[in-house]
Amino acid sequence: MIYLLPALSGLLCFTMLVAAVVAIGGRSMSIAILAAGLVSLVASVLFLILASPDVAMTEAAIGSGLTTFLLFFVLGRVRAGEHDGEQP
Amino acid sequence: MAHLAMATGFLLILIGAWGALTNRNLLRMIVAFTIADTGVNLVIIAVGYMRGRTAPIIDGAVSAADAVTRIIDPVPQALVLTAIVIGVGVTALMLAYTYRLFEKKRSLDIRDYTDLKG
Amino acid sequence: MIKRFIALALVVAVGSVFATLLFGYTPDADLNLTARYYAERTAADLGAANIVTAIVVTYRGLDTLGEVTVLFLSASIVGLVLAKGTHAPHRTPVPVGELLTTGTRFLVPLILLLGVYVFVNGHLTPGGGFQGGAIIASGILLLLLADPLKHFSHSLISAIESLAGIFYVMIGLAGLFLAGGFLDNRILPLGTLGNLASAGAIPLIYSLIGLKVGAEFASILAALSETEEL
């Protein structure tokens, strides 16, 4: 039981790093935005483990919810005029 | 656990900085900035964490009298609360400008915006 | 290629600074002076159970006023940058599914209720004005998704936003005259710790912050949704 939280946070940290690399280096823009949202979401779980429920709520509602939506919204608007689809 | 979270936060800042410096797509640069933002918040929260203590809320588990020995530092949490909200404001601003720039030149590539180069 | 090398050198340099910080870091065993003050005095002085809320709303209330001002500025600049002049963009209606419209009708009141709950209980439980404001904005977002052509009344949003701001500053000024200083929450009785009607003016101030933040996010979303597809 005593190793459960450290092991969980290790897993979460690893997930965040992988998702961040995908967000920076992945080819598809939509997957990059989703990966950035995943980084925020996992970060909010990690904040909860680090005994900061206020910050966890803010990060989940604002960081991973609103930011991801704003990015997708602008991506949709911009892609409609972009005839060749995905940006490299 | 604080060290682990802090190391992850620093790595996220570095990944975000690398992405913002090397990518040429404006939207991708904004994504990189949001990742670096999350990393900074994680580092600040990790600084406030103390092993074996609980969240700074006084309730049935933590009474007002023994709060000093039971709770973690609340100041970094208040700071990060501010930082997250300002972060989304800045992101929205960057996205609005990106939309306007795209409208002007129909391109998201930073190399097409050389008007201010001497 | 040379740019990539410079970027790599920069990242490595910053990374080495971070590594020194990380390996030199030892966690505190005790609370530092400021945190100890907050932990000892919050319950007795302000009557708030959530110490983070007490710091955000009262101890550092001026910072929070500045923060909502920054958010207001960024929302106005988004509106300004995306403004399209006088002509209304002509958009063809996009059919949305029955599921989304019915779901919206059910969910939006519940989401708004949750948002209000979160910011009214900010001094007792985790949560508060910023989280509740974001939840309210997500309800507005659902409305926008269900009916993309819906034209949100900007004057209503800005009226809510500015009224909340004015009352926030007026409560702050009342603290200056009736209690210890600007944004002091002791203009109202502190009540018993843990009750909903406790902690003086904190629930009132945090509700105003919640309304203000929700209106600001809603105006950002409305400004973005009124842009044309490029």
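Bear in mind the structure is a predicted one, so any value in this text is a computation, not a measurement.

Thresholds, definitions, all that
Residues numbered from 1 in each chain as written. Chains lettered and ligands numbered in written order. Predicted model: local features only at pLDDT ≥ 70, side-chain atom pairs only at ≥ 80, totals over all residues. Heavy atoms only, no water. Helix = DSSP H or I, 4+ residues; strand = E, 2+ residues; numbered from the N terminus. Rg over C-alpha atoms; globule rule 2.2 N^0.38 Å. Contact = heavy atoms within 4.5 Å. Lys, Arg positive; Asp, Glu negative; His and termini not counted. Charge placed at Lys NZ, Arg CZ, Asp CG, Glu CD. Buried < 20%, exposed > 50% of the residue type's maximum accessible area, 1.4 Å probe, protein only. Areas by Shrake-Rupley, 256 points an atom, 1.4 Å probe, with all protein chains shown as cover. Patch = residues over 30% accessible without salt bridge, like charges linked within 9 Å, V, L, I, M, F, W, Y side chains within 5 Å. Salt bridge = Lys/Arg side-chain N within 4 Å of Asp/Glu carboxyl O. Polar contact = N/O pair within 3.5 Å; in protein donor to acceptor, adjacent residues only side chain to side chain. Nonpolar A, V, L, I, M, F, W, Y, C, P; charged D, E, K, R; others polar. Expected span 1.5 Å × (residues − 1). Bend = angle between axes of the 7 residues up to and from the residue.

Asks: Break down the overall build of chain C for me, with residues and values.
Replies: Each helix and strand counted, chain C has 8 helices and 0 strands in total. When the elements of chain C are put in sequence order from the N terminus, they spell out α-α-α-α-α-α-α-α. Its C-alpha atoms give chain C a radius of gyration of 22 Å, more than 25% over the compact-globule value 17 Å for 230 residues. Seen through its principal axes, chain C has C-alpha atoms that stretch 60 × 60 × 35 Å. Looking at chain C alone, contacts between residues at least 24 apart form 70% of all its contacts between residues at least 6 apart. Both charge centroids of chain C, one from 11 positive and one from 14 negative side chains, sit 5 Å from each other.

Asks: Go over the overall build of chain A, please, and point to the residues and values.
Replies: Of regular secondary structure, chain A possesses 3 helices and 0 strands. Buried residues in chain A amount to 57% of all 88 residues. Looking at chain A alone, contacts between residues at least 24 apart form 59% of all its contacts between residues at least 6 apart. Carbon and sulfur atoms make up 76% of the accessible area of chain A, which totals about 3,800 Å².

Asks: Give me the lowdown on a nonpolar patch on the surface, citing residues and values where you can.
Replies: Residues and elements named next belong to chain C. A cluster of nonpolar side chains, namely V169, L173, L176, F177 and L178, defines an oily patch on the protein surface of about 520 Å² accessible area. Examined against the element boundaries, L178 turns out to sit in helix α7 (residues 154-178). With relative accessibility at 67%, the residue L178 sits in the exposed group.

Asks: So what about the pattern of salt bridges? Which residues, and what values?
Replies: Under the defined criterion, the tally for this structure stands at 3 salt bridges over all chains. Of the charged contacts in the structure, one is a salt bridge between B:E103 and B:R100, with a shortest N-O distance of 2.2 Å. With B:E103 and B:R100 both in helix α4 (residues 75-105), this residue pair falls 3 residues apart, about one helical turn. Judged by relative accessible area, which is 22%, B:E103 ranks as partly exposed. A relative accessible area of 21% means that B:R100 is categorised as partly exposed. Its salt-bridge partner being C:K212, residue C:E216 comes within 3.6 Å of it at the nearest N-O pair. Taken together, the positions of C:E216 and C:K212, both in helix α8 (residues 202-225) and 4 residues apart, correspond to about one turn of that helix. A residue is classified by how much of its surface remains accessible, and C:E216, at 2% relative accessible area, is buried.

Asks: Any chance you could break down the interface of chain A and chain C for me, citing the residues and the numbers?
Replies: Of the residues lining the interface, 14 residues belong to chain A; the matching set on chain C comes to 21 residues. Linking chain A with chain C are 5 residue pairs in polar contact (both at pLDDT 80 or more). Classifying every residue of the side of chain A that touches chain C by side-chain character gives 10 nonpolar, 2 polar and 2 charged.

Asks: Run through helix α2 (residues 33-45) of chain C, naming residues and quoting values.
Replies: With 13 residues, α2(C) should reach 18 Å at 1.5 Å per residue; the first-to-last C-alpha distance of 17 Å fits that figure. At C:A39, α2(C) shows its largest kink, close to 30°. Considered for burial, the residues of α2(C) that qualify are C:A35, C:Y38, C:A39, C:T42, C:A43 and C:D45. Buried-residue contacts for α2(C) involve α3 (67-70) and α4 of chain B together with α3 (51-59) of chain C. Just past α2(C), the residue C:G47 takes up positive phi, approximately 75°.

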